[in-house]
Amino acid sequence: MAEPVEPIDLLELLKTGRAGPIELGKSNRVTVRSLIDPEDLRADNHYRHGDTESAWCIYGPTCEFFFNPDFRLRSISLEPSHGGLVIGGTMATWLGDLELNLGRHSAIFAGSKPIAFHALPKALQFLNRAEFNWAIRGGDQRDIYIDLSESSRLLTLKYEVKTIPVDGETNVVFEIDYFLASVFIVDRNVQGG
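Cut-offs used in this document
Residues numbered from 1 in each chain as written. Predicted model: local features only at pLDDT ≥ 70, side-chain atom pairs only at ≥ 80, totals over all residues. Heavy atoms only, no water. Salt bridge = Lys/Arg side-chain N within 4 Å of Asp/Glu carboxyl O. Buried < 20%, exposed > 50% of the residue type's maximum accessible area, 1.4 Å probe, protein only. Phe/Tyr/Trp six-rings, centres within 6.5 Å; stacked < 30°, edge-to-face > 60°. Helix = DSSP H or I, 4+ residues; strand = E, 2+ residues; numbered from the N terminus. Lys NZ or Arg CZ within 6 Å of the ring centre and 35° of its normal.

Visitor: Help me understand the pattern of salt bridges in this model?
Guide: Opposite charge on two side chains permits pairing when their charged atoms draw close. Summed over the entire model, instances satisfying the criterion amount to 10 salt bridges. The shortest N-O distance in the salt bridge between Arg-72 and Asp-70 comes to 3.0 Å. The class of Asp-70 is partly exposed, set by a relative accessible area of 48%. Where salt bridges share partners, they join Arg-18, Glu-23 and Lys-26 into one cluster.

This is the structure:
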């Protein structure tokens, strides 16, 4: 059985550039590889991804790490997974758990689990506190982005319109909202490829 690991707080990573075992602009490929179990490693090679140019990348099941040409960690991308998806009859239902994982480490935000901001209305309530400096913007499609910045670092929460089947006791019901689709954090002082 794997040894339990501490969660990585994305707000701490934004504010200080460091959380748990990783540090933006400093961590190397060996450090990041140690976060992902070898059987979960999806990619570990040179790669260029859309607008994000990177000299090297490491992919886990729901996380991506991008490095600059001298192989210092530049940015991280995370996709949420619905941990409570089960089969009820012929319909998959969601029991209300959301996970963000940086390899073996779960990710939290300001000490809270991702469920606290998994839907856009919840995120706006969560962020509407004095300690957060954020801006909201629209994307190319119907997606919505929330950006938080600190020094040279930027953390973006991307929300997309989705339909999630939820457990309605006797019947499956559907929740339609802007749900968290990805989290992206980049240190703009660490130059890409």
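Next comes the rest of the write-up.
Visitor: Quick question: what am I supposed to make of the packing of aromatic side chains here?
Guide: A ring pair, where both rings are aromatic, is described by two values, the distance of the centres and the angle of the planes. A full pass over the atoms with the stated rule returns seven aromatic pairs. Seen in terms of ring centroids, Trp-56 and Phe-71 are 6.0 Å apart; in terms of plane orientation they differ by 85°. Their pairing is edge-to-face. In this pair, Trp-56 sits in strand S5 (residues 52-59) while Phe-71 sits in the loop between strand S6 (63-67) and strand S7 (73-78), placing the two residues 15 residues apart along the sequence. With relative accessibility at 12%, the residue Trp-56 sits in the buried group. Between Tyr-59 and Phe-66 the ring centres are 6.2 Å apart and the planes differ by 85°, which places this aromatic pair in the edge-to-face class. Assigned by exposure class, Tyr-59 and Phe-66 land together as buried. Taken together, the ring pairs in this structure connect Phe-109, Phe-117, Phe-126 and Phe-132 into an aromatic cluster. The ring of Tyr-145 carries Arg-137 above its face, with NZ or CZ at 4.5 Å from the centroid.

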